[in-house]
Amino acid sequence: VDYICQNSDISVVYPKDEMRTEKDAWQLYFKYDTHYNCLGALIAYEQLIESLGKEREYLSDFEVQKAGMKGRLSGKGDLENMMGFSGRFNYDYEYYVSEYPLLSDWERPEYSNSDSIYEESILLVGDSFRISLMPYFSKDFRSVKTIDFLACTEEILGEYQPDIVILELLERYDEVLSYYSLDN
């Protein structure tokens, strides 16, 4: 991250410090998974919003809700699988804020919102962490399309023609940055 910041003009959003600040007050990650939950995603989203010059809010501005998470992340965490304990740990909870309801179809690739706060269209290219950002982008922006970083092509960029392109990647995928060019 430091190398990119010092050797390029790419705008980098790295919510590590803010997550560390909030981690004692809130559960920001699933217990048996490397993925952040909706609260962790909200922190990342608000820092992205700020980097785009938009007015941001803070986790402390919201009322946090607790809900049982049903679906792909509950009790099926990647850490659990890596340790060979698949299905052995108890159910984990999801935490969210009511202003951004949980989406039942997080994996849907495109959203439109005629009541959005912001008029821009977003193309969110990234790894699996991008999915947790979708409730926020889909509520606040006019149009949002998401795609896995391995499937993104110049043709997709040309077809969609977004106002803003966001490349979301964890450090474990930093070698992927060499595949992308900002020539256009």
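Residues numbered from 1 in each chain as written. Predicted model: local features only at pLDDT ≥ 70, side-chain atom pairs only at ≥ 80, totals over all residues. Heavy atoms only, no water.

J.: Lay out the environment of Glu99 in plain terms, naming residues and giving numbers.
T.: As for its position among the elements, Glu99 is in the loop between strand E2 (93–97) and strand E3 (110–112). Sequence-distant contacts of Glu99, defined by excluding residues within four places in its chain, comprise Phe62 and Lys139. (Helix = DSSP H or I, 4+ residues; strand = E, 2+ residues; numbered from the N terminus. Contact = heavy atoms within 4.5 Å.)

J.: Got a sec to walk through the packing of helix H3 (residues 38–51) against helix H5 (residues 130–140)? Specific residues and values, please.
T.: H5 packs onto H3 with a crossing angle of 50° between their chain directions and a minimal axis gap of 8 Å. In terms of orientation, H3 and H5 fall into the oblique class. Judged by the sense of rotation from one axis to the other, the crossing of H3 with H5 is right-handed. Residue-level inspection shows Cys38, Leu39, Ala41, Leu42, Ala44, Tyr45 and Leu48 of H3 in contact with H5, the latter providing Ser132, Leu133, Tyr136, Phe137 and Asp140. Looking at the contact of H3 with H5, its residues break down into 10 nonpolar, one polar and one charged. (Axes fitted to C-alpha atoms, helices over the stretch in contact; angles between N-to-C directions. Parallel < 35°, antiparallel > 145°, perpendicular 65-115°, else oblique. Left-handed = near helix turned anticlockwise from the far one by under 90°. Nonpolar A, V, L, I, M, F, W, Y, C, P; charged D, E, K, R; others polar.)

J.: A description of the sheet that holds E3 should follow, citing residues and the corresponding values.
T.: With mixed pairing, the four strands of this open sheet are ordered in space as E3-E5-E4-E6. The open sheet terminates on both sides in strands that have one partner only, identified here as E3 and strand E6 (164–168). Across the sheet, the mean angle from the axis of one strand to that of its neighbour is 15°, orientation sign disregarded. By the bridge criterion, five bridges tie strand E4 (residues 118–126) to E6 in an arrangement that is parallel. In the sheet register, Val125 faces E6, and the bridge partner there is Leu167. (Pairing = 2+ DSSP bridges.)

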